[in-house]
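# Commentary on secondary and tertiary structure
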Amino acid sequence: MSAAPHRSGAASPDARRPAVNPWAVELRELGRRAGSMQELDRTLPAPAGWRLELIGVPEGAPVHLRLRLESVMEGVLVSGDVEVPVEGQCARCLDPVEDTLELDVQELYAYSGSTTEATSEEDEVRLVEGERIDLEPMVRDTVVLALPLSPTCSEDCAGLCSGCGQRLDDLPDDHSHELVDPRWAGLAGRFTTGAVTDRPGDPEEN
């Protein structure tokens, strides 16, 4: 018997299969016996949107997780540390800024129907979803809260010269600009040495 012809436009099995969330962790191995533990050491790509106005985590950047999952009465306690690269712009001189954040994390993922879930607001507790937990919201919140509102390339960055816009740290110590009252700006050049010229039609001096 010949195989049924492939219908044009029909979705393939792979196309119908939902995308796998790399940040989801299966809990079948951990189980629900209080005290059981599982170590997790993995590197995952950063999703888009982990940023503030001037600094953030580049999309796809490697996020290194070193975590311990512990089964407790109310759910799964996740603790450990996260290492993530950040890139941005200095708030003073606008130069590029690069750094690596190393952050501690600790979060309880509560079982559905647990006392923790019942006594907490919906946005105050993370839940075990079936037999898995999603680490991405926890890590995202930890990273974004740790980002500086005004990142600097160095603690003593002097910023930009208000007169010419160049980095003050790259200019000599005596760098300055002559300040002219805007009301006299149009006349300033006429009273500079050597700037006054004879007007056409003026009689020459004897």
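Reading the values: rules and limits
Residues numbered from 1 in each chain as written. Predicted model: local features only at pLDDT ≥ 70, side-chain atom pairs only at ≥ 80, totals over all residues. Heavy atoms only, no water. Helix = DSSP H or I, 4+ residues; strand = E, 2+ residues; numbered from the N terminus. Buried < 20%, exposed > 50% of the residue type's maximum accessible area, 1.4 Å probe, protein only. Contact = heavy atoms within 4.5 Å. Areas by Shrake-Rupley, 256 points an atom, 1.4 Å probe, with all protein chains shown as cover. Phe/Tyr/Trp six-rings, centres within 6.5 Å; stacked < 30°, edge-to-face > 60°. Lys NZ or Arg CZ within 6 Å of the ring centre and 35° of its normal. Polar contact = N/O pair within 3.5 Å; in protein donor to acceptor, adjacent residues only side chain to side chain.

The protein is annotated in an unreviewed UniProt entry as DUF177 domain-containing protein from Geodermatophilus aquaeductus.

Below, the discussion takes up the overall build of the protein. Helix and strand counts for the protein stand at four helices and eight strands. Secondary structure of the protein in N-to-C order comes out as α-β-β-β-β-β-β-α-β-β-α-α. The 206 residues of the protein split such that 26% are buried. Of the contacts made within the protein by residues no fewer than 6 positions apart, 57% connect residues no fewer than 24 positions apart. Summed over all atoms, the accessible surface of the protein reaches about 14,700 Å², with 48% contributed by carbon and sulfur.

Attention shifts here to the side chain of Gln 38. Counting through the fold element by element, Gln 38 comes out in strand β2 (residues 37-45). Non-local contacts of Gln 38, meaning those with residues more than four positions away in its chain, are made with Glu 26, Glu 29, Leu 30, Leu 67, Arg 68 and Leu 69.

Now for the packing of aromatic side chains. To describe a pair of aromatic rings, you give the distance between the ring centres and the angle between the ring planes. One pass over the full model with this rule turns up one aromatic pair. Above the face of the Tyr 111 ring, Arg 32 is positioned so that its terminal group lies 3.9 Å from the ring centre.

Okay, the environment of Trp 23 next. In this structure, Trp 23 sits in the loop between α1 (13-16) and β1 (24-26). The class of Trp 23 is buried, set by a relative accessible area of 3%. Aside from chain neighbours lying at most four places away, what touches Trp 23 is Leu 44, Pro 45, Pro 47, Trp 50, Val 63, Leu 65, Ile 133, Asp 134, Leu 135, Glu 136 and Val 139. Among the polar contacts listed, one links the side chain of Trp 23 to the backbone oxygen of Pro 45, at a separation of 3.4 Å.

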